[in-house]
Amino acid sequence: MGGEDLNIFKIILDAGWIVKTVLGILFILSILSWAIILQKRKYFARADKLNQEFLEIYKQGNTFSEVYDRAHPLPLSPLKNMFLEGHLELRKVRESQKDSPQTFKSYIDSFGMDGVDRALKKGAITARMNLEEGLSLLASIGSVSPFVGLFGTVWGIIDSFTGLARGGGTLELVAPGIAEALVATAVGLFAAIPAVWFYNYFQTRLGKFEGDMECFGQDFVNTVQRIVIR
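Residue numbering note: each chain is counted from 1, following its sequence as written. For this predicted model, a pLDDT threshold of at least 70 governs which residues receive local features, and a threshold of 80 or more governs which side-chain atom pairs are given and counted, while totals over whole chains, interfaces and linings are taken from all residues. Side-chain measures here rest on the full set of heavy atoms in the structure, leaving out hydrogens and waters.

Undergrad: Whenever I open this one, the overall build of the protein chain confuses me. Can you help?
TA: Think of it this way: any DSSP run of H or I at least four residues long counts as a helix, any run of E at least two long counts as a strand, and we number them from the N terminus. What the protein chain contains, in helices and strands, is eight helices and zero strands. Counting from the amino terminus, helix and strand elements in the protein chain follow one another as α-α-α-α-α-α-α-α. With a 1.4 Å probe rolled over the protein chains alone, any residue whose accessible area is under 20% of its type maximum counts as buried; one over 50% counts as exposed, and the rest are partly exposed. Split into buried and exposed, the 230 residues of the protein chain put 37% on the buried side. Summed over all atoms, the accessible surface of the protein chain reaches about 13500 Å², with 62% contributed by carbon and sulfur. What sets the accessible areas is the Shrake-Rupley method with a 1.4 Å probe; for residues, cover comes only from the shown protein chains.

See the structure below:
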């Protein structure tokens, strides 16, 4: 094969079966990576939009019951998930006091806001798990792909030099085999770079969601305490 024939597609077609297997694996990993990236971008954008819609309802509501009724048709968002857990815990506390002389205020004074705080954290953990789903696989693709490509490269170079040792040969005959081997590394990096970049991007977005959830949790607790003080 002459130098003029060294195009990427011919190199792949002329590759050995092990290098082709490596390239096939990397192709599958790349497709999987982009599927996760597109799905998570859509999910994060939707979650952010739903958070904003829920916050508008939450700020305009006069009571938690009113917020619950107005937000009920809204699809689940991280902040709504926290609100539902906190609201459910408050309802349980109030219902437990129906047959007791103890008032809601005295219950909070006695036991504090630990139950509500735990409920809010439960909602935040559930929301975080949904946001993180698929990110570990994306990170694995980003870290593993270069090594898979490197394996194909090492194998291809070994195969090329083994053939050179057997038949004498010239650099012109060995060069296609080395090029074939290096393609594996290039494809490995092609699969890894977007996965690593978007993983870091999603981690940054996740940090913002966590900050929003922390602020909302504090605001929810403060609202409950203001109601109790009245």
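Right, picking up where we left off after that structure.
Undergrad: Where do I start with a nonpolar patch on the surface in this structure?
TA: For patch building, the residue pool is restricted to those with more than 30% relative accessible area and no salt bridge; the joining distance is 9 Å between like charges and 5 Å between nonpolar side chains (Val, Leu, Ile, Met, Phe, Trp, Tyr). Note on definitions: salt bridges are taken to be side-chain nitrogens of Lys or Arg within 4 Å of carboxyl oxygens of Asp or Glu. Taken together, Phe147, Leu150, Val154 and Ile158 make up a surface patch of nonpolar side chains, about 400 Å² in accessible area. Of note, isoleucine 158 is situated in helix H7 (residues 135–167).

Undergrad: What should I look at first to understand the packing of aromatic side chains in this one?
TA: Each aromatic ring pair is characterised by the separation of its centres together with the angle its planes make. Note on aromatic contacts: the rings of Phe and Tyr and the six-membered ring of Trp form a pair at centre separations within 6.5 Å, being stacked when their planes are under 30 degrees apart, edge-to-face when over 60 apart, and tilted otherwise. If you walk through the whole model with that rule in mind, you get 18 aromatic pairs. One aromatic cluster is present, built from ring pairs that chain together Trp34, Phe44, Trp197, Phe198, Tyr201, Phe202 and Phe209.

Undergrad: Explain the packing of helix H4 (residues 78–96) against helix H6 (residues 114–132) to me, please; I cannot follow it from the model alone.
TA: The geometry of a pair of packed helices is captured by two quantities: the angle between their axes and the separation between those axes. The contact between H4 and H6 brings their axes to 8 Å, and the two run at 150 degrees. In terms of axis orientation, H4 runs roughly antiparallel to H6. Crossing geometry of H4 relative to H6 is assigned as right-handed. Here Pro78, Asn81, Met82, Glu85, Gly86, Glu89 and Leu90 of H4 lie close against H6, whose contacting residues are Gly115, Val116, Ala119, Leu120, Lys122, Gly123, Ala124, Thr126, Ala127 and Leu131. Only the contacting stretch of a helix is used when fitting its axis, a line to C-alpha atoms as for every element, and angles between N-to-C directions run 0 to 180 degrees. Comment on the angle field: the value is read as roughly parallel under 35 degrees, roughly antiparallel over 145, roughly perpendicular from 65 to 115, and oblique elsewhere. Left-handed is the label given to a crossing in which the near helix is rotated counterclockwise from the far helix by less than a right angle, and right-handed is the label when the rotation is clockwise. Contacts are assigned to residue pairs that have any heavy atoms within 4.5 Å of one another.

Undergrad: What is the right way to look at the environment of valine 116 in this model?
TA: Take valine 116: it is sitting in helix H6. Counting along the chain gives 23 residues from valine 116 to valine 93, while the straight-line C-alpha distance between them is 9.3 Å. Excluding residues within four positions of it along the chain, valine 116 makes contact with Glu89, Leu90 and Phe220.

Undergrad: Explanation requested: the packing of helix H2 (residues 17–60) against H6 in the structure shown.
TA: Contact geometry of H2 with H6 gives a least axis separation of 10 Å together with a crossing angle of 145 degrees. Residues Lys40, Tyr43, Phe44 and Ala47 of H2 pack against Asn130, Leu131 and Glu132 of H6. All residues other than Ala, Val, Leu, Ile, Met, Phe, Trp, Tyr, Cys, Pro, Asp, Glu, Lys and Arg, Gly among them, are scored as polar; the first ten of these are nonpolar and the last four charged. Each residue belonging to the contact of H2 with H6 can be placed in one class, and the counts come to four nonpolar, one polar and two charged.

Undergrad: Quick question: what am I supposed to make of the pattern of salt bridges here?
TA: If charged atoms from side chains of opposite charge come close, those side chains can pair. Following the criterion strictly, the structure yields five salt bridges and no others. For glutamate 85, the salt bridge identified is with lysine 122, shortest N-O distance 3.9 Å. Residue glutamate 85 is located in helix H4, and its partner lysine 122 is located in helix H6; the two are separated by 37 residues in the primary sequence. Between arginine 128 and glutamate 132 there is a salt bridge, and its shortest N-O distance comes to 2.5 Å.

Undergrad: Looking at this structure, how should I read the confidence of the model for the protein chain?
TA: Note: predicted coordinates in regions of low pLDDT should not be interpreted at a detailed level. The predictor attaches a confidence to each residue, called pLDDT, with possible values from 0 through 100. For the protein chain, per-residue confidence averages 82 on the pLDDT scale, and 78% of positions sit at 70 or higher. Within the model, the stretch residues 1–5 combines pLDDT values under 50 with six contacts to residues more than four positions away or in other chains.

Undergrad: It is not clear to me how helix H3 (residues 64–71) should be interpreted in this structure. Could you clarify?
TA: Restricting attention to buried positions, one finds in H3 the residues Phe64, Val67 and Ala71. The buried residues of H3 occupy an angular sector of 60 degrees when projected down its axis, which confines them to one face. Working note: the arc is built from the helix axis to C-beta atom directions.

Undergrad: Help me understand the side chain of asparagine 81, please; the structure alone is not making it clear to me.
TA: Within the element layout of this structure, asparagine 81 appears in helix H4. For asparagine 81, the residues in contact, after removing those within four places along its chain, are Leu76, Gly123, Thr126 and Ala127.

Undergrad: In this structure, what is going on with the nonpolar core? I would like to understand it.
TA: The nonpolar side chains of a soluble globular protein tend to be buried, and buried together. We define a nonpolar core as any set of buried Ala, Val, Leu, Ile, Met, Phe, Trp, Tyr and Cys residues linked to one another through side-chain atoms lying within 4.5 Å. With 22 residues, the main nonpolar core has Phe54, Tyr58, Phe64, Met82, Phe83, Phe216 and Phe220 as its most contacted residues. For this core, the elements supplying multiple residues, two or more each, are H2, H3, H4, H6 and helix H8 (171–229). With five residues, the single largest contributor to this core is H8. Leu23, Ala47, Leu131 and Phe209 belong to the second-largest nonpolar core, a separate cluster that totals 21 residues.

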